[in-house]
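Listed below, chain by chain, are the residues.
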Amino acid sequence: MNDALRRIYRFITEHNLIVLALLLVLTAGIGAGTTQLQVGDGSDASDTGGDTRVAQKMEYVQDSYGDENGSTGADTSQVAVYVRTEDTALSKRALLDSLRFQRTARENESVAAALGDREVLGVANLIAKRVAGDPDARIDEQIAALEAASEPEVERHVRQTLIEGSSAMALLPEDYEPGTATAESHRMVFPLADDDTRSAATTALYEIASKRDGPEYFTTGEHASDARTDEYLQNTMMLIVPAALLMILLVLAFSYRDLVDVLVGFTGVILSVVWMFGILGWLRIPAGISLIVGPVLIVGLSVDYGLHVFMRYREQRGDGAIREPMVRGLSSVTTALGLVTLTAMVGFMSNVTNDVTSIRQLAYAISLGVLSTFVISLTLVPALKVTIDRFLERFGLDRQNQPLGKTGRIKPLLSSGASLAKRGAPVVIVFALVVGSAGAVAWTDLDRQSVQHGDSDVAEWKQNLPGPLAWEVSEESKQRTYVNDHYRAADEDARSRSSVLIEGDVTSSAALESVQTAHDSAADSAVVYRQGGTVPVTSPLTVMAEVAAEDEAFAETLAAADTDGDGVPDQNVEAVYDALYTAAPDRTSRVIDRDDGEYHSVRVVVPVESDITIADRADGMRTIATAADGVDGMSAVAVGSGTLREAKLSQTADSILQTLIVALVAVGVLLTVVYRLLIGSASLGAVTAVPIVLVSALVIGGMWLFAVPLTVLTALLLSLVIGIGIDYNIHISDRFARERDRGRSVQAALVEATTGTGGALLGSTLTSAGAFSALLLHPHPQLRNFGTLVVLAMTASFIVAVFVLPSMLSVWAHYGPSLPNDPDTPPEPSVPGDD
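This one's a predicted model, so the numbers in the text were calculated from it and none came from an experiment. (Residues numbered from 1 in each chain as written. Predicted model: local features only at pLDDT ≥ 70, side-chain atom pairs only at ≥ 80, totals over all residues. Heavy atoms only, no water.)

A. The arrangement of empty space enclosed by the protein in detail. Applying the stated rule across the entire model yields four cavities of 30 Å³ or more. Approximately 80 Å³ is the volume attributed to the second largest cavity. Around the second largest cavity, the lining residues are L252, Y256, G265, F266, G268, V269, S302, V303, G306, L307, S377 and V381. Put simply, the parts of the chain that give the lining of the second largest cavity at least two residues each are α11 (222-256), α12 (259-282) and α13 (290-316). Here the lining of the second largest cavity is composed, by residue class, of seven nonpolar, five polar and no charged. (1 Å grid on protein atoms, 1.4 Å probe; cavity = no way out; pocket = protein on both sides within 12 Å on 5 of 7 lines; lining within 4 Å. Points joined across faces, edges and corners; volume = space filled by probe spheres on them. Helix = DSSP H or I, 4+ residues; strand = E, 2+ residues; numbered from the N terminus. Nonpolar A, V, L, I, M, F, W, Y, C, P; charged D, E, K, R; others polar.)

B. Structural context of helix α10 (residues 198-210). Spanning 13 residues, α10 covers 18 Å between terminal C-alpha atoms, matching the ideal 18 Å at 1.5 Å per step. For α10, the set of buried residues is A201, T202, A204, L205, Y206, I208 and A209. (Expected span 1.5 Å × (residues − 1). Buried < 20%, exposed > 50% of the residue type's maximum accessible area, 1.4 Å probe, protein only.)

C. Region of interest: the pattern of salt bridges. Taken as a whole and assessed by the stated rule, the structure comprises 25 salt bridges. The salt bridge partner of E324 is R10, with a shortest N-O separation of 3.2 Å. Remark: R10 occurs in helix α1 (residues 2-14) and E324 occurs in helix α14 (residues 323-349); sequence separation between them is 314 residues. Judged by relative accessible area, R10 falls into the partly exposed class, the value being 27%. Between D97 and R212 there is a salt bridge; the shortest N-O distance is 3.7 Å. Residue D97 is found in helix α5 (residues 92-106), and its partner R212 is found in the loop between α10 and β4 (216-218); the two are separated by 115 residues along the sequence. Put simply, R312, E315, R735, E739, R742, R744 and E752 are held in one network by salt bridges that share partners. (Salt bridge = Lys/Arg side-chain N within 4 Å of Asp/Glu carboxyl O.)

D. Geometry of the packing of helix α17 (residues 410-441) against helix α28 (residues 691-705). Where α17 contacts α28, the axes come no closer than 7 Å and their chain directions differ by 50 degrees. With respect to their mutual orientation, α17 and α28 come out oblique. Once α17 is placed against α28, the crossing between them reads as left-handed. Contacts from A432, V435, G436, G439 and A440 of α17 reach α28 at L694, A697, L698, I700 and G701. Per-class residue counts for the contact of α17 with α28 are seven nonpolar, three polar and no charged. (Axes fitted to C-alpha atoms, helices over the stretch in contact; angles between N-to-C directions. Parallel < 35°, antiparallel > 145°, perpendicular 65-115°, else oblique. Left-handed = near helix turned anticlockwise from the far one by under 90°. Contact = heavy atoms within 4.5 Å.)

E. Structural view of the pairing of strand β5 (residues 497-503). Counting buried residues along β5, seven of its seven residues qualify, which places the element largely inside the surrounding structure. Residues R497, S499, L501 and E503 point to one face of β5 and S498, V500 and I502 to the other, with burial holding for every one of them. Summarising the sheet, β5 and strand β8 (residues 635-639) pair through five bridges and their orientation is antiparallel. The residue of β8 that forms the bridge with I502 is A636. (Pairing = 2+ DSSP bridges.)

F. Local environment of the side chain of S539. Within the secondary structure, S539 is located in the loop between α20 (509-523) and α21 (540-550). When residues no more than four places from it in sequence are discounted, the contact partners of S539 are V515, H519, V591, R603 and V604.

G. Representation of unusual backbone geometry in the model. In the Ramachandran plot, D596 falls in the positive-phi region, its phi being about 55 degrees despite a non-glycine side chain. Note on placement: D596 falls in the loop between β6 (592-595) and β7 (598-607). The exposed category is assigned to D596, whose relative accessible area is 75%. Phi is positive for A707, which is not a glycine, with a value near 60 degrees. Note on placement: A707 falls in the loop between α28 and α29 (712-719).

H. Main features of helix α32 (residues 781-815). Along its 35 residues, α32 runs 48 Å from first to last C-alpha, staying within 8% of the 51 Å computed at 1.5 Å per residue. Where α32 bends most, the angle comes to about 40 degrees, and this point is L805, followed within four residues by the proline P806. α32 sits mainly inside the fold: 28 of its 35 residues count as buried. (Bend = angle between axes of the 7 residues up to and from the residue.)

I. The arrangement of a negative patch on the surface in detail. Taken together, E513, D564, D566 and D632 make up a surface patch of like negative charges. Looking at where D632 falls in the secondary structure, it is placed in the loop between α25 (614-628) and β8. Judged by its relative accessible area of 60%, D632 falls in the exposed class. (Patch = residues over 30% accessible without salt bridge, like charges linked within 9 Å, V, L, I, M, F, W, Y side chains within 5 Å. Areas by Shrake-Rupley, 256 points an atom, 1.4 Å probe, with all protein chains shown as cover. Lys, Arg positive; Asp, Glu negative; His and termini not counted. Charge placed at Lys NZ, Arg CZ, Asp CG, Glu CD.)

J. Just the packing of aromatic side chains, in detail. As enumerated under the stated definition, the model contains eight aromatic pairs in all. Plain terms: the ring middles of Y82 and F218 are 5.4 Å apart, the flat faces sit at 15 degrees to each other, and that makes the pair stacked. With Y82 in strand β1 (residues 76-84) and F218 in strand β4, this pair connects stretches of sequence that are 136 residues apart. Accessibility expressed as a relative area gives 4% for Y82, which makes it buried. Plain terms: the ring middles of F798 and F803 are 6.2 Å apart, the flat faces sit at 85 degrees to each other, and that makes the pair edge-to-face. Using a relative accessible area of 10% as the deciding quantity, one classes F798 as buried. In this structure an aromatic cluster arises from ring pairing among Y577, Y581 and Y599. A cation sits over an aromatic face here: R212 above Y217, 5.7 Å from the ring centre. Here the basic side chain of R594 rests over the ring of Y581, its NZ or CZ set 4.0 Å away from the ring centre. (Phe/Tyr/Trp six-rings, centres within 6.5 Å; stacked < 30°, edge-to-face > 60°. Lys NZ or Arg CZ within 6 Å of the ring centre and 35° of its normal.)

Encoded structure:
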């Protein structure tokens, strides 16, 4: 096999120009797949909850009651346009301007098609109709009436229209004082058809509002959201990427100490990322979260591969030749890089069993990226390196450089791992196990959050950075914050809601007592939205009260069933349900599930505040459901986006240990088999796999120490630690085995492994850690913790591979089975410098 590899590498180095041309053509073809890349994750709601009780109840609620918010199923949706001024948005001038905005919007074909004959609802419309004395006045008549009215007259009508209890109050900020003629802003609501015309209409409204002068007009829908996202990504790119690139270049300059090698290595990094996304595009695998996580992981791995190729090539040079040292260098690292590729792919692919679509797709993406990196690092990169070195040496430029691990003070530092192994290997191993055990225990004490919400405040110094580096808070972000702080939902069907699902004998009085308990608990909850001091809960009890006020027959049925007069029927509940379905089937079906005449459940729909975190929402709704649960045998469970995400996090946290165990077993078996076939020692493969357990434990301990919470993202990355950490161990073990095969003693082989290969690992660690540390500049805590976790993983992997694994290898070499070509080992001589 080694002879076959040498023939392949000799072809790559001797026909380097042909190889470069072929690979560049191949890269162009693969890169064309990026034009087919799907940036979404292709997931749906079913992916988000997994097989949890909450997810099952959510599916039941959606099948039996419609959507989570209890939508009426109307064929229109409300789109709000906000008007804000520096003085008052209720002046004659401001009201007239908003009416003229409506007229301009109506003249747009897209808006006209989606709006149809429906009227826009706005403060200006209500006041103008009052001034005109005609509730059916059209837009031109409204404008004419306001133009003809005096300022005092308009102010008088404003005060008379905007009173407590008026429907117009929903169009004004929550801090507006009823009966006054002063408000910083107001909004108008466009009832657009909920069909194919809606998207074009909302686009037109966004564009018309953005171009408006005078009072500030804006929307907060999907187009404003897209603008906020674009600004956010641009800020991230301009703040983080330059810092990351600077760190990478500085560390590569330190590691390579050669500009040409930095540029060649960086070329391999870029092409590896292009191949990954190109293959994803051709295979029609949506990118999803891979757009963010994929490149940073592949960049780190590609830098690592490149460093090993370059440093081993430098070790092999000495006679002035270029091609043959490259052949020897590539041959000596192929086994290690091949094993790293296989084990990394196994570690990443362990996530294909995850029930979250985006995580499965990330596993595919990273695996393809690892494979791409392997191919490019052993073909295009060495061919390019040979081509450039030969060209430069023709002009008398010396291209021989010393490996990083053999220089200055770095060699003694790296060789200290071998020295510790010689002097006290058992002590090192025991100490590492104690520290690792402490880290593993920290798992139970990790803070668990579904997602981390960023603080809207960005540090002032980040906003004051020069030029494009400054973090710009977009106008759309400021507008969205303003609306969240001052308004409730424009369309109450669009308000965030959660449900309490009550099951059991729902035709008994206990079911409605449970509903009443949920009402009472909601009234005391801090997460529930309040309107006029009351909580607008929707439940069987509220629907009964509404229908009783409209239907005398049902009112009599309800009164007969409510013997104590508290509004809660305590007898003949099934008959009340039947009468309620007869009187108002649509409203009743939103809170009572009936199928073939049988009643299965009831629910309480609770509006929640829009500015609270998902975790707080989940906790608040669980508290409400707990109060209603167990009332005379009734079962109550909170069902909503918050509780669903929290349930998913709990499931992810529980399954992550299983994923780690599966990956560890798979990697251990793979290394055992491969080492047995290639090196002749299965036990060496097992020894190589063991330290990854220690790395995982150390990372968990680091998460606890640095207060990194366990979220879906950090849990995912934790499961990928195996793919990152096993890399370093394989390189050290493989180098140790090769040096033993060459006849070196155990101690000499460990020195060569920790200084020669350890130097490349040091450069890789510094590069990856430096690049990811740039994420600590980001204002969002989730990305900061992402960077922290990767730095922890890389650092722990390096420390274990260079300072702990040598002790394990030393014990294995002295007490375990010998390698097939293992030399007889006399008592260890001193090793002044086994170069």
